[in-house]
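Geometric and topological summary
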Amino acid sequence: MEPRRASRQRAPQLPQPRGELSAALLAALPGDDGVRLPTDQVPRADPFGEDLQLALYVLYELHYAGFAGVQDEREWDPDLLGLRRALEQRFLHGLRADVAGPAGVEEALSALLTEPVKPPADSVSHHLERDGELWQLREYAALRSLYHLKEADPHAWVIPRLRGRAKAAMVAIEYDEFGAGRAERIHARLFAELMADLGLETDYGHYLDAAPAEALATVNLMSLLGLHRAHRGALVGHFAAVEVTSSPGSRRLANALRRTGAGPAAQRFYDEHVEADAVHEQVVRRDVIGGLLDAEPALEPDVAFGIHATGYLEDRLGVRLLSAWRQQRSALRTPLQAARRAEEAEESG
Ligand SMILES: [Fe+2]
Ligand SMILES: [Fe+2]
């Protein structure tokens, strides 16, 4: 099914606030005059909480698609950047306190690469493959749309910060992610088609209000690492973690979609990633990480941190999803069923 063409051009709506920080930010964004930003309150905020993660997400979106009613120039508003910096420091502080693992990249990657003999209790893709129901796959796709509708964009920011072999390999992988010269093959476009097959809205940013903090944090991590040259090592680690885990995870998700009777476009996205990411995994390990560490060996602990932080936030999201689903509850802040019923009511009334 083709995603609706006109809807792809619309700027996303600002989300609903989730606390004091996000409320002040969302009040300040449409105007350019003097709503006081609560930057001084950030050090007391929960680094993984709904309020901080939403505020950070909204500020990062100014660098991607922006929002309806917010001037493009506000991307570089010094007060907003000051708030963003405080939020980033709080988030990073939380990550550095909680994330643990070896400082060597090989050890960090091997831990990711070892497919467990028994499915781990907290693996979302194992659950979906084995027992996942269609409503859970719809929720999963809605949440992942926050990243997949801008797939590979956060990683593109690292390109000017790389040289030689690492740059060439990074661009080769990104070229595939961006459709290898063909708009209809852009992975974000394939994901929109998957969403349409699942009866979801394909508008960029549509599910932001529905996404809990655990889902926002996974996307905020890549935006944070992508936007800072100082974190280029961790960004490469993040990218490697995604590529290395993608092929087996995608195989399970393709199986889950097949088993639950989702349409062909829904399966195509994950089938594509089983193939492509088996190659990307090799290139990212040998040339992106290998090239970066040949040129800048001191970055190894940063690369490892990027790998561990990715795993840590994915695990938090997995716990959130599986604990809700095991009780047959929605893992979203706004269940999809309710949204769908409202639309149907609109159509029939
Ligand atoms: Fe991809
Ligand atoms: Fe890939």
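Residues numbered from 1 in each chain as written. Chains lettered and ligands numbered in written order. Predicted model: local features only at pLDDT ≥ 70, side-chain atom pairs only at ≥ 80, totals over all residues. Heavy atoms only, no water.

The name an unreviewed UniProt entry assigns to the chain is Iron-containing redox enzyme family protein, from the organism Streptomyces mesophilus.

What to know about the environment of Val58
The topology assignment puts Val58 in helix H2 (residues 50-61). In this structure the C-alpha to C-alpha distance between Val58 and His155, which are 97 residues apart in sequence, comes to 18 Å. Setting aside residues up to four positions removed in sequence, Val58 forms contacts with Leu14, Pro15, Leu25, Leu26, Leu29 and Phe67. (Helix = DSSP H or I, 4+ residues; strand = E, 2+ residues; numbered from the N terminus. Contact = heavy atoms within 4.5 Å.)

Re the coordination of the iron ion (ligand 2)
Under ideal tetrahedral coordination, the four donors around a metal are separated by 109.5 degrees; under ideal octahedral coordination, the six donors are separated by 90 or 180 degrees. The protein atoms donating to the iron ion (ligand 2) are Glu177 (OE), Glu243 (OE), Glu243 (OE), Asp277 (OD) and His280 (ND1), with metal-donor distances spanning 1.9 to 2.7 Å. Here the donor residues of the iron ion (ligand 2) are spaced in sequence according to E-x65-E-x33-D-x2-H. In this structure the iron ion (ligand 1) is found 4.2 Å away from the iron ion (ligand 2), and Glu177 serves as a bridging donor for the pair. Highlighted residues: Asp277 and His280, both in helix H12 (residues 264-295), separated by three residues, approximately one helical turn. (Donors = N, O, S within 2.8 Å, 3.2 Å for Na, K, Ca; no water.)

Looking at the packing of helix H5 (residues 124-131) against helix H11 (residues 232-259)
Two elements in contact, H5 and H11, have axes whose closest approach is 8 Å; the angle formed by their N-to-C orientations is 25°. The angle between H5 and H11 places the two elements in the roughly parallel class. Between H5 and H11 the crossing geometry is left-handed. Here Ser125, His126, Leu128, Glu129, Arg130 and Asp131 of H5 lie close against H11, whose contacting residues are Gly249, Arg252, Leu253, Asn255, Ala256 and Arg259. (Axes fitted to C-alpha atoms, helices over the stretch in contact; angles between N-to-C directions. Parallel < 35°, antiparallel > 145°, perpendicular 65-115°, else oblique. Left-handed = near helix turned anticlockwise from the far one by under 90°.)

Some words on the pattern of salt bridges
A side chain of one charge can pair with a side chain of the opposite charge when the charged atoms of the two come close. The full count for this structure, using the stated rule, is 20 salt bridges. A salt bridge links Arg185 to Glu272, with the nearest nitrogen and oxygen atoms 3.2 Å apart. Separated by 87 residues along the polypeptide, Arg185 in the loop between helix H8 (164-177) and helix H9 (187-197) and Glu272 in helix H12 bring together distant segments of the chain. Residue Arg185 is classed as partly exposed on the basis of its relative accessible area, which comes to 33%. Beyond isolated ion pairs, a larger network of salt bridges with shared partners links Arg165, Arg286, Asp287 and Asp294. (Salt bridge = Lys/Arg side-chain N within 4 Å of Asp/Glu carboxyl O. Buried < 20%, exposed > 50% of the residue type's maximum accessible area, 1.4 Å probe, protein only.)

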